[in-house]
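Coordinates in review
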Amino acid sequence: MSKDQSAHFRHIPSVERLLSDPSIEEAIRPFPRAVAVEAVREALDEVREELRRGCGPSEGDLPLADTYRGRIVAAAERRLRPSLRRVVNATGIVIHTNLGRAPLAEDHFDRAREVAVRYSNLEFDLEEGVRGSRYTHAERLLRELTGAEAALVANNNAAAVLVSLHALAFGKEVIVSRGELIEIGGSFRLPEIMSASGARLVEVGTTNRTRVEDYRRAITPETALLMKVHLSNFRLEGYTSDVPPSELAALGAERGIPVLYDLGSGAFARTGPDGEPTAREELARGPAVLTMSGDKLLGSVQAGIILGREEELGRIRRSPMMRAVRVDKLTIALLEATLFQYLDPERVFERVPVLRLISRPPHAIRQDAERLREKVLARLPAGANAEIVEGESEAGGGAIGQPPIPTFLLALSFGGIAPDEMAAGLRAFDPPVIVRVKSDRVVVDPRTLFPEEIDLVADAIVRVAVFLRERASAGEKE
Ligand SMILES: *Cc1c(COP(=O)(O)O)cnc(C)c1O
């Protein structure tokens, strides 16, 4: 550091000096003391760092409270901001695992709220006045909606698979096709879940073709389950064959071995003629146990739904592992609130956001895209361009059986601003706006925007573009 610079640094006030300044005292009054003190330290570090890089405030400003007040308040607000926040999903991927999967309907919370802020009959039998079971709450609805003999809810589908394997096949063999040994989202790898459950994996067939005879030949006295897994996030094409659940169930019935089917996304309503079959349809094909996620196509909270025969579900219910993967009361309340919507098949597509977003017709999306375009076009810096192009949205969430959904995209370019830089700027917006970058353009798919988010996204795009443009031209001048 030069002499000149260290002289500069001497003008920086102390923490105590800033904390006792009347205007700063006033500005930090709303914050807890400990947060305010840390915020002052952070603001001072920020200024020192800027001076080191040669871009800090000038010497005369250094002792002034004005130089720090805004930084202190911003730092305090950052510290009090929750880590888990709402974001705006402009990607068009409806069930986006990284963005929290299914958004819930607002009125789902009216029921959940009551249960959350007061006591509940979570494990209390109101008729008998004795201890009850938390698993009975969603069970009636789940049975009614799917025709299952019994139903159970675990923490998520990975847990549902794990506990089912553990309860039904600990120390025994489970036969799975090599074509179905999948990995989902990095942390769900079927062979690993299998060994964590204590079951022994027996692979049959080849990657691309497995026949029912392959399962039959692999059956031994040690076989506890035949397992089928929905491919979810990839597709096998070309010279392939797998064994349909009904054929596997027929083999199971013949040999007295239950079939476990991990359906993955699992739906309770068909989203179109070629949408995924429903859980009810899949159950009718004869698996003893079927597992699926609560927050994929069902459109509810994170949960693992286990449906099937009482004999097998009873064993799962009584397994000690069930205790480790049990659900919270809020999960049960929110899941029930979603399930009630399915009692009205006419309206469920309006009432469950995932279904509503997936089924929004392209012309409605186009209108939103046009509104968005109008709102940004007049206010964007010169050289920017916004056009509407045809594209595809995705159901997401491993619902690969769902066909791609035609949509309209707003494709934006910003002259001198790189699309990745623009996307990063939008992520830093409050609330963060998540977009896709495609063929060197920022693309916004209004399918996953809620009505009030159109203005918000337009505003974010304009403000971030103007900010980046100004920063770029300030950089050029320097
Ligand atoms: C998504 C998925 C899982 C994991 O479900 P989570 O609810 O995320 O735990 C398991 N199996 C399949 C086939 C899936 O698609």
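Residues numbered from 1 in each chain as written. Predicted model: local features only at pLDDT ≥ 70, side-chain atom pairs only at ≥ 80, totals over all residues. Heavy atoms only, no water.

1. Some remarks on the pattern of salt bridges
Stated precisely, the cut-off is as follows: We define a salt bridge as a side-chain nitrogen of Lys or Arg found within 4 Å of a carboxyl oxygen belonging to Asp or Glu. Strands are runs of DSSP state E lasting at least two residues, helices are runs of H or I lasting at least four, and both sets are numbered from the N terminus onward. Only protein chains enter the accessibility calculation, which uses a 1.4 Å probe; a residue whose area is less than 20% of its type maximum is buried, one above 50% is exposed, and one in between is partly exposed.
Scanning the entire structure with this criterion turns up 45 salt bridges. The salt bridge partner of Glu-453 is Arg-86, with a shortest N-O separation of 2.7 Å. Here the residue Glu-453 occupies a position in helix H20 (residues 453-477), and Arg-86 occupies one in the loop between helix H5 (65-80) and strand E1 (88-89), the gap between them amounting to 367 residues. In this structure Glu-453 comes out as buried when scored by relative accessible area, which is 5%. Here Arg-285 and Glu-282 are joined by a salt bridge, their closest N and O atoms 3.0 Å apart. Members of the salt-bridge network, linked through shared partners, are Glu-38, Arg-41, Glu-42, Glu-46, Glu-50, Arg-71, Arg-78 and Arg-79.

2. Points about the domain arrangement of the chain
The test is simple: Domain borders in the structure are assigned automatically or taken from a domain database. Polar contact criterion, stated in full: a pair of N or O atoms within 3.5 Å, where within protein one must be able to donate a hydrogen and the other to accept it, and residues adjacent in sequence count only if both atoms are side-chain atoms. Residues are grouped as follows: nonpolar covers Ala, Val, Leu, Ile, Met, Phe, Trp, Tyr, Cys and Pro; charged covers Asp, Glu, Lys and Arg; every other residue, Gly included, is treated as polar.
One can read the domain layout of the chain as domain 1 (3-80), domain 2 (88-97 + 357-477) and domain 3 (106-348). Measuring from the centre of the C-alpha atoms in domain 2 to the corresponding centre in domain 3 gives 36 Å. Counting the contacts that link domain 2 with domain 3 gives zero salt bridges. Connecting domain 2 to domain 3 are zero residue pairs in polar contact (both at pLDDT 80 or more). Class assignment for the residues of the side of domain 2 that touches domain 3 results in five nonpolar, four polar and no charged.

3. Here we look at the sheet that holds strand E10 (residues 223-229)
What counts here: Paired strands, in this sense, are two strands between which DSSP finds at least two bridges. Think of each axis as a best-fit line through the C-alpha atoms, taken over the contacting stretch in the case of a helix, with angles from 0 to 180 degrees between the N-to-C directions. The contact criterion used is simple: two residues touch if any of their non-hydrogen atoms lie within 4.5 Å.
Spatially, the seven strands line up as an open sheet ordered E5-E13-E12-E11-E10-E6-E9, and their pairing is mixed. Taken across any chain shown, the strands that pair with only one partner, and hence form the sheet edges, are strand E5 (150-154) and strand E9 (200-204). Averaged over neighbouring strand pairs, the angle between their axes works out to 25° when direction is ignored. Bridging between E10 and strand E11 (residues 259-264) involves four bridges; their strand directions are parallel. Bridge assignment links Met-227 to a residue of E11, and that residue is Leu-260. Contacts from helix H7 (residues 136-146) reach E5 and strand E13 (304-308) within the one sheet, and its direction differs from that of E5 by about 125°. This element, helix H11 (residues 245-255), spans E10 and E11 of the sheet and lies at about 175° to E10.

4. Description of the packing of helix H6 (residues 108-117) against helix H15 (residues 329-341)
Worth spelling out the cut-off: Reported orientations rely on four angle classes, namely roughly parallel under 35 degrees, roughly antiparallel over 145, roughly perpendicular from 65 to 115, and oblique for the rest. Crossing handedness: left-handed means the near helix sits turned counterclockwise from the far one by under a right angle, and right-handed means the same turn made clockwise.
One way to put it is that H6 packs onto H15 with a least axis distance of 9 Å and a crossing angle of 150°. Classified by the interaxial angle, the pair formed by H6 and H15 is roughly antiparallel. Note on packing geometry: the crossing formed by H6 with H15 is right-handed. Facing H6, whose interface residues are His-108, Phe-109, Arg-111, Ala-112, Val-115 and Ala-116, H15 presents Lys-329, Leu-330, Ala-333, Leu-334, Ala-337, Thr-338, Phe-340 and Gln-341.

5. Some remarks on the site of the ligand
As a reminder of what qualifies: By convention in this text, a residue qualifies as near a molecule or strand provided that one of its non-hydrogen atoms is within 4 Å of it. Each accessible area is a Shrake-Rupley estimate made with a 1.4 Å probe; only the visible protein chains count as cover when residues are assessed.
Inspection of the region around the ligand gives 14 residues, with Ala-158, Ser-232, Asp-262, Ser-293 and Lys-296 positioned closest. Arg-101 is positioned such that a nitrogen or oxygen atom in its side chain is 2.9 Å from an oxygen atom of the ligand. Contacts to the ligand include Lys-296, whose side-chain N or O atom sits 2.8 Å from an oxygen atom. A total of 380 Å² of accessible area belongs to the ligand in isolation, and the protein chains cover 95% of it. When residues of the shell around the ligand are traced back to their parent elements, those giving at least two are helix H8 (157-169) and E11.

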